[in-house]
Amino acid sequence: MTQSAPVRYSPELESVKPDEHETVSGLNEQFDIILEKTAEDYGHAVRSVHAKAHGIIEGKLTIKSRLPPELAQGLFAKPGEHPVYMRLSTNAGDILPDAIALPRGLALKVVGVDGPRLPDADGHNQDFVMVNGPVFQAPNPEKFLSSLKLLAKTTDRMEGTKTVMSSVLQTVNKGLEAVGVASPTVQSLGGAPNVDPLGETYFSVTPFRYGDYVAKFRLKPVSSDLTKRTGTEIDASVRADAIRETVQAEMQETVGAWEFQVQLCRDIEAQPIEDPTVEWKEDEAPFVTVATVTAGPQDSWSDAKVQKVDEEMRFSVWTGLTDHQPLGSINRARKDTYLHSAQFRAKFNGCPFHEPRQ
């Protein structure tokens, strides 16, 4: 199959609705409900989404040499090495027992990235925020706001009911997968398989500028220490933090290697910019490796890492280079909402955020 040439970036690729700011205000109102409720209960502010971390891994990103011109863009324009921090998480805004199975997240901060930066992007780093599925649960911010209202109403409430519901939904999800149907909605409500995050492949889900082009990103495990855990489920029926404890034990001996991959947009009809519920099919827009991420054995939940990364860092798709500008309505909504959540945490905890220099 002959591949089309990659679509060149242009501001006209985005379709900005005049009332998007109103939806963002609505999102911030719902996030405030989550933030205020959890801060009141815990006596400490946590993230409004992906509040619970399962592990923090320090590693290195190595950019490949001799990439073709369409891939040698932005951060990846020239070969080199950068320190990275990875935060493994679950997507709820409250800190739930691991028996409530939700999609996994991985936030990646690449340190020491030079070049023109996005508006209000502090420091010299590039963030990538990913989840372990190729599509987002809502096609636009309005639909996401509807879902968020439900999550805000149930934040930190009915924990036992959520655990039972999660068990039922996991059974439903397995039945759907058995007949070749995956349901991001069912998974987002607690029906995700309770898999080991070290074996998962993570996707940016939404598109980004890629220098002269447009792309989505993927982080794929390739070392045997990681791939042997792909699809392995963790029994979280007894231990509330079973995932964190499992990852911590495994990382003591794990040699981790992931491929950082780019999926260039080649047809804006088949690979739309504004609707992240549409999967970009690999046979039409293949993923190509542009860098590797490596990490040696380490303590993934040391007190020092928890303080430095979980408490003192923020991750945002809007922290980075102009060459990797987030695209589409969901990404545009993330700019103010991510900052809003971070500012609440910083103020409540009396702990300003720090962009690492190494």
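The protein has the name catalase in an unreviewed UniProt entry, where Aliirhizobium smilacinae is given as its organism.

Asker: Is there a simple way to explain the packing of aromatic side chains in this structure?
Answerer: Each aromatic ring pair is specified by the distance between its two centres and by the angle formed by the two planes. The full count for this structure, using the stated rule, is 10 aromatic pairs. Ring pairs connect the aromatic residues Phe76, Phe128, Phe208, Tyr210, Phe217 and Phe260, which therefore count as one cluster. Between the NZ or CZ atom of arginine 218 and the centre of the ring of phenylalanine 287, over which it lies, the distance is 4.0 Å. Its end group placed over the ring of tryptophan 318, lysine 335 keeps NZ or CZ at 5.9 Å from the ring centre.

Asker: Before we go on, may I ask you to explain the nonpolar core in this structure?
Answerer: Judged by nonpolar contacts, the single largest core of 55 residues is most densely connected at Phe76, Leu108, Phe128, Tyr210, Phe260 and Val290. When near neighbours in sequence (up to four residues on either side) are disregarded, valine 290 contacts Ile63, Lys64, Leu67, Leu71, Phe76, Tyr210, Phe260 and Val262.

Asker: What's the story with helix H8 (residues 329-349) in this structure? I'm lost.
Answerer: Because each turn of an α-helix spans 3.6 residues, side chains separated by three or four positions end up pointing in the same direction. Relative to the 30 Å expected for 21 residues at 1.5 Å per residue, H8 spans 31 Å between its end C-alpha atoms, a close match to the ideal helical length. The sharpest bend along H8 comes to roughly 30°, located at lysine 335. For H8, the set of buried residues is Ser329, Ile330, Asn331, Arg332, Ala333, Arg334, Thr337, Ser341, Ala342, Phe344, Arg345 and Ala346. Turning to H8, the residues buried within the fold contact helix H1 (20-42), strand E4 (125-131), helix H2 (141-154), strand E6 (208-210) and helix H7 (303-311). A positive backbone phi angle near 60° is found at glycine 350, which sits one or two residues after H8.

Asker: Just to check I follow, could you spell out the pattern of salt bridges for this structure?
Answerer: If charged atoms from side chains of opposite charge come close, those side chains can pair. Tallied over the entire structure, the rule returns 18 salt bridges. Its salt-bridge partner being aspartate 98, residue lysine 52 comes within 2.9 Å of it at the nearest N-O pair. Here lysine 52 is found in strand E1 (residues 52-63), whereas its partner aspartate 98 is found in the loop between strand E2 (80-90) and strand E3 (104-111), with 46 residues between them in sequence. As far as burial versus exposure is concerned, lysine 52 and aspartate 98 are alike and both buried. Here arginine 332 and glutamate 274 are joined by a salt bridge, their closest N and O atoms 3.1 Å apart. Of this pair, arginine 332 sits in helix H8 while glutamate 274 sits in the loop between strand E8 (256-264) and strand E9 (287-295), placing them 58 residues apart in sequence. Exposure class is identical for arginine 332 and glutamate 274. Each is buried.

Asker: For this particular structure, what's the right way to read the packing of H1 against H2?
Answerer: To describe two helices that pack against each other, one gives the angle between their axes and the distance between the axes. Two elements in contact, H1 and H2, have axes separated by 9 Å at closest approach and are oriented at 20°. The angle between H1 and H2 places the two elements in the roughly parallel class. Crossing of H1 over H2 shows left-handed handedness. Facing H1, whose interface residues are Thr23, Gly26, Leu27, Gln30, Phe31, Ile33 and Ile34, H2 presents Pro141, Glu142, Phe144, Leu145, Leu148, Lys149 and Ala152.

Asker: Just checking my understanding: could you explain the pairing of E8 for this structure?
Answerer: Each regular strand carries side chains that alternate between the two faces of the sheet. With 8 of 9 residues buried, E8 lies mostly within the body of the structure. Note that strand E7 (residues 213-221) and E8 share 7 bridges and pair antiparallel. Among the inter-strand pairings, leucine 219 is bridged to a residue of E8, identified as phenylalanine 260. As paired elements, E8 and E9 share 8 bridges and run antiparallel to each other.

Asker: Could you clarify how one ought to interpret the environment of valine 247 in this entry?
Answerer: Note that valine 247 resides in helix H6 (residues 242-251). Separated by 193 residues in the primary sequence, valine 247 and histidine 54 have C-alpha atoms spaced 7.1 Å apart. Among residues more than four places away in sequence, those in contact with valine 247 are His54, Gly55, Leu88, Asp196, Pro197, Leu198 and Ser300.

Asker: I keep staring at empty space enclosed by the protein and nothing clicks. Help me out?
Answerer: Taken as a whole and judged by the stated rule, the model has 3 cavities of 30 Å³ or more. Looking at the largest cavity, the residues that line it are Lys52, His54, Thr90, Ala92, Asp94, Leu96, Pro97, Asp98, Ile100, Leu102, Arg104 and Ile243. Its residues assigned to classes, the lining of the largest cavity shows 6 nonpolar, 2 polar and 4 charged.

Asker: Which parts of the structure should I look at to understand H1?
Answerer: Taking 1.5 Å of rise per residue, the 23 residues of H1 would be expected to cover 33 Å, and the 33 Å separating its terminal C-alpha atoms lies within 8% of that figure. Along H1, the positions that sit buried rather than exposed are Glu20, Thr23, Val24, Gly26, Leu27, Asn28, Gln30, Phe31, Ile34, Leu35, Thr38 and Ala39. Next to the buried residues of H1 lie H2 and H8. One or two positions beyond H1, positive phi appears at glycine 43, with a value near 70°.

Asker: Sorry, what's going on with the packing of H1 against H8 here?
Answerer: Two numbers describe how H1 lies on H8: the axes approach to 9 Å, and their chain directions differ by 35°. At the point where H1 passes H8, the crossing takes the right-handed sense. Note on element contacts: H8 touches H1 through Ser329, Arg332, Ala333, Asp336, Thr337, His340, Ser341, Phe344 and Phe348, opposite Glu20, Val24, Leu27, Asn28, Phe31, Asp32, Leu35, Glu36 and Ala39. By residue class, the composition of the contact of H1 with H8 is 8 nonpolar, 5 polar and 5 charged.

How each quantity is defined
- Residues numbered from 1 in each chain as written.
- Predicted model: local features only at pLDDT ≥ 70, side-chain atom pairs only at ≥ 80, totals over all residues.
- Heavy atoms only, no water.
- Phe/Tyr/Trp six-rings, centres within 6.5 Å; stacked < 30°, edge-to-face > 60°.
- Lys NZ or Arg CZ within 6 Å of the ring centre and 35° of its normal.
- Core = buried A, V, L, I, M, F, W, Y, C linked by side-chain atoms within 4.5 Å.
- Buried < 20%, exposed > 50% of the residue type's maximum accessible area, 1.4 Å probe, protein only.
- Contact = heavy atoms within 4.5 Å.
- Helix = DSSP H or I, 4+ residues; strand = E, 2+ residues; numbered from the N terminus.
- Expected span 1.5 Å × (residues − 1).
- Bend = angle between axes of the 7 residues up to and from the residue.
- Salt bridge = Lys/Arg side-chain N within 4 Å of Asp/Glu carboxyl O.
- Axes fitted to C-alpha atoms, helices over the stretch in contact; angles between N-to-C directions.
- Parallel < 35°, antiparallel > 145°, perpendicular 65-115°, else oblique.
- Left-handed = near helix turned anticlockwise from the far one by under 90°.
- Pairing = 2+ DSSP bridges.
- 1 Å grid on protein atoms, 1.4 Å probe; cavity = no way out; pocket = protein on both sides within 12 Å on 5 of 7 lines; lining within 4 Å.
- Points joined across faces, edges and corners; volume = space filled by probe spheres on them.
- Nonpolar A, V, L, I, M, F, W, Y, C, P; charged D, E, K, R; others polar.

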